[in-house]
Amino acid sequence: MKILFMDWKSYGNEDIVAAVQNLNSKGNKIELKMYPFDNHIVNDDKNFIGSFSEDLRKEAPDFVMSFNYHPAVSVACNNEGIKYAAWVYDNPSLRLFSYTAINPCNYIFLFDSQVYELFASQGFKTVYYLPLAAAVDRYDSIRITDTDRQKWGGKISFVGSLYNEDHNYYEQIEEKLSDYSRGYLEGLMRSQMEIAGMDIVEKSIPKAVLKEMSDILGAKPAYDGVETYEYIYSNYVINRKITSIERTEIISMIGEKYPVNLFTKDREFVAKGVTNRGLIDYYNDMPYVFKTSGINLNITLRSIQRGIPLRAMDIMGCGGFLLTNYQEDMLQFFEPGVDYVYYESRADLMDKIAYFLEHEDERRAIAKRGHAKVKADHTYEQRLETIIETVMD
Amino acid sequence: MFGIITYMNILLYDFLNSYIQYDLLYFLRKMGHKCNNIKADNPADKYYDEKFMREMHHELEHNSYDLVLTTNFWPLVSKVCKEKDIPYVSWFFDSPPNLPTAECMEYECNTIYFFARADYETYKAMGLENVQYLPLAVNTERLAGIKTNHGKYDCEISFVGKLYQSMLPALKSHMTDYQKGFLDAVVNAQMGVYGGYIIDDVVTEEFTEGVRQQYRSLSEKAIQVSQKELTWAVASYVTHLERMTILRLLGKKYDTRLYTYELSDAEKKIIPDVKFCGSVNYLEEMPQVFYASKINLCPVLKANRSGIPLRALDIMGCGGFLLSSYQSELAEYFQDGTECVMYYSMEDAIAKAGYYLSHEDERAAIAAAGLDKIKRNFNYEDRIKVLLGDYQ
């Protein structure tokens with residue numbers, strides 16, 4: 001079996017390579033050929049499509065695989081009659097709305113059941129639901145020393161972006177919005193923040209407000225895609241801003257009472273009780289945080305409406321105790337209160353932090369069970385097997 | 001061995017806005033209690049009315065009662081009960097309670113029953129210990145005895161209820177653009193959510209103060225709205241919109257009737273296909289509407305966060321088919337799709353209305369099962385045993 005793997009700077013590349021090695025050591029014969037790929041090319045890049053088609057003819061893989069979905073790859077695969085497996089871990093994902101999504105060569109694996117349902121319910125036969133995974137073997141092989149504990153550990157940790165970079169989309173728009181629209185968006189965001197498990201943003205932006213936003217920002221649907229203005233602005237602008245507010249407010253709220261280690265790109269974020277440790281490496285450093293922290297927080301990006309984010313999988317895969325906002329897909333595979341814990345409100349979050357900081361044994365037991373579940377059912381090897389089985393069937 | 005039941009002397013006040021007074025009295029008397037039901041005008045001030053309180057004092061002075069009972073809680077009644085040291089039992093059938101403050105509720109003479117669990121929990125969280133939760137009830141006996149005028153009331157879909165003219169449009173007219181936008185967003189957000197109530201948490205005291213400041217900047221004599229008043233304006237507006245929308249959409253497709261006190265010309269223009277039939281009285285006409293309509297709508301007031309409204313129980317208690325917006329307590333006691341039907345969005349309501357209009361057998365089975373549940377679990381005898389339980 002030969003898989004041509006689109007190698008761009010994505011999460012999980014090394015883990016896929018390791019998974020193939022693992023599967024091969026168990027008797028499989030999978031050749032994973034890495035193909036360097038610039039994921040920033042435009043969807044209809046003729047040069048790429050031309051040269052990639054040629055390479056496909058030369059390499060003749062059983063199928064092509066990539067993290068996330070790349071329309072230009074699909075066009076070439078479709079022309080050459082070669083199957084294309086795309087494992088999507090991004091949400092939002094504009095490229096999914098490309099007209100190429102219905103290409104019969106496609107096997108698009110979506111980690112968020114809401115996105116899967118959106119496409120499947122409209123008749124798309126090229127989509128599948130496939131949650132993400134954690135590199136449990138790699139994580140298990142990491143030995144934690146006292147020095148590690150000193151360096152990375154703490155009572156509560158949060159690894160993630162605060163989405164408040166300079167000139168972020170919302171900021172760009174906000175300064176030029178009319179008072180009415182600014183009030184509208186703030187009312188909408190505050191309303192969404194009261195609700196877990198359902199997105200109200202996308203269906204609640206009036207045409208006039210939407211037009212104002214798009215006149216300012218200029219982002220618009222691609223000529224060859226079916227994404228809507230509502231989708232673009234609710235996900236790339238509003239939901240991102242909501243997450244930014246939620247993460248900063250929640251981390252600050254916790255910091256008032258408990259010490260928090262924050263691992264994030266935004267060096268300038270300051271709050272009482274919060275130690276900002278800056279950006280860390282996903283592959284080399286992050287596992288140490290999860291393995292040495294008492295409580296690992298997950299506050300999901302709002303555009304991920306139901307999916308289990310990679311962060312949550314990684315925390316549990318590292319044997320860390322996961323305390324997360326409510327995400328519906330988790331209930332399909334994990335038992336709340338048994339394998340992980342979720343909070344229903346900010347007040348509930350504070351109660352649970354207090355409880356689990358005090359009840360260490362219970363916390364460790366939950367983390368252990370979470371880890372066991374991820375090890376048993378959510379590894380890269382298993383996902384790869386599922387992808388191969390689905391594609392080659 | 002038989003239990004000894006104390007027959008009680010009960011003083012009731014009927015402030016002429018209570019739907020359930022008649023049935024409550026009927027069963028109290030049926031169960032052997034001696035009741036004096038005094039009709040009183042709705043007081044201008046629920047917390048103090050000199051004339052009423054004097055007369056109530058006099059009544060308690062010259063007659064012997066074991067307790068005082070009202071539907072909804074009336075602070076002015078509670079004050080007199082406190083003075084006379086007589087137990088005061090009250091049973092809310094409104095949600096949320098139509099009282100700006102919880103003043104007087106803490107008096108020891110009170111036992112206050114909320115039919116909506118969310119209200120019970122709110123008031124309990126304020127520190128009140130004399131509050132309880134008790135869903136409403138239906139007098140299915142009386143309803144079964146009513147002869148329905150099918151010629152007059154038969155139709156496909158009906159809605160009996162208020163349309164809730166809200167103060168919000170008027171309040172908004174003097175607000176800043178930002179404030180208008182903010183509230184429009186809250187309205188749209190709440191319109192899209194069933195089973196979750198966000199208005200009180202998003203329209204904060206801080207926001208309301210901003211509105212008050214805006215008003216003050218326009219005129220020293222401007223009204224100063226409270227947070228409760230503002231959130232009520234928003235909640236009633238959302239309900240108004242939801243009811244108008246569902247009527248408009250259903251009216252276009254099906255024979256839809258609206259039974260309500262008044263409908264303005266502007267409103268008539270929004271729902272031109274709906275037959276406006278004026279009001280019906282609670283005791284004799286409304287049950288006929290419920291029985292004769294194939295589908296009875298119950299778009300619940302948004303501010304009623306969890307409770308099963310009386311309307312929903314009455315519909316089922318009449319053997320009518322209930323199509324209600326999702327309410328957590330309705331889902332708790334009744335099986336969706338078996339004993340009643342709930343909708344989770346406007347589109348869902350339209351789709352379900354269409355489905356059940358063309359599936360008569362299913363509809364009849366659901367109505368029958370709903371009635372059965374009402375008879376078993378929502379009767380006055382059970383409720384009265386709870387209301388009087390502490391005193392028997």
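Now for a quick tour of the structure. (Residues numbered from 1 in each chain as written. Chains lettered and ligands numbered in written order. Predicted model: local features only at pLDDT ≥ 70, side-chain atom pairs only at ≥ 80, totals over all residues. Heavy atoms only, no water.)

**Topic: the overall build of chain A**
Working step 1: The helix and strand tally for chain A stands at 16 helices and 12 strands.
Working step 2: For 393 residues, the compact-globule estimate of 2.2 N^0.38 gives 21 Å, and chain A sits close to it at 22 Å.
Working step 3: The buried share of chain A, taken over its 393 residues, is 58%.
Working step 4: Once local pairs closer than 6 in sequence are excluded, the contacts in chain A between residues at least 24 apart make up 66%.
Working step 5: When the accessible area of chain A is evaluated, it comes to approximately 17,000 Å², of which 49% is carbon and sulfur surface.
Working step 6: Where the 44 positive side-chain charges of chain A centre and where its 58 negative ones centre are 3 Å apart. (Helix = DSSP H or I, 4+ residues; strand = E, 2+ residues; numbered from the N terminus. Rg over C-alpha atoms; globule rule 2.2 N^0.38 Å. Buried < 20%, exposed > 50% of the residue type's maximum accessible area, 1.4 Å probe, protein only. Contact = heavy atoms within 4.5 Å. Areas by Shrake-Rupley, 256 points an atom, 1.4 Å probe, with all protein chains shown as cover. Lys, Arg positive; Asp, Glu negative; His and termini not counted. Charge placed at Lys NZ, Arg CZ, Asp CG, Glu CD.)

**Digging into the packing of helix α8 (residues 179–192) of chain A against helix α10 (residues 229–255) of chain A**
Residues and elements named next belong to chain A.
Working step 1: Viewed as axis vectors pointing N to C, α8 and α10 meet at an angle of 60°, and their least axial separation amounts to 10 Å. Judged by the angle between their axes, α8 and α10 are oblique. Crossing handedness for the pair α8 and α10: right-handed. Residues L185, M189, R190 and Q192 of α8 form the contact with α10, whose participating residues are I238, K241, I242, I245 and E249.
Working step 2: When its residues are assigned to classes, the contact of α8 with α10 shows five nonpolar, one polar and three charged. (Axes fitted to C-alpha atoms, helices over the stretch in contact; angles between N-to-C directions. Parallel < 35°, antiparallel > 145°, perpendicular 65-115°, else oblique. Left-handed = near helix turned anticlockwise from the far one by under 90°. Nonpolar A, V, L, I, M, F, W, Y, C, P; charged D, E, K, R; others polar.)

**What to know about the environment of Y282 of chain B**
Residue and element names in this part refer to chain B.
Working step 1: Mapping Y282 onto the fold places it in the loop between β9 (275–276) and α13 (286–292).
Working step 2: Considering only alpha carbons, one finds Y282 and L168, 114 residues apart in sequence, at a separation of 29 Å.
Working step 3: Side chain to side chain, Y282 and D314 meet in a polar contact 2.6 Å long. (Polar contact = N/O pair within 3.5 Å; in protein donor to acceptor, adjacent residues only side chain to side chain.)

**Points about unusual backbone geometry**
Working step 1: The linkage connecting N91 of chain A with the following residue, P92 of chain A, adopts the cis geometry, with an omega of 20°.
Working step 2: Among the structural elements, P92 of chain A can be located in the loop between β4 (83–88) and β5 (106–110).
Working step 3: Cis geometry marks the peptide bond from S95 of chain B to P96 of chain B; its omega dihedral reads -5°.
Working step 4: When you line up the elements, P96 of chain B lands in the loop between β4 (88–92) and β5 (110–114).
Working step 5: Of note, N68 of chain A is a non-glycine position whose phi angle comes to about 60°, a positive value.
Working step 6: Residue position: N68 of chain A is located in the loop between β3 (63–67) and α3 (71–80).

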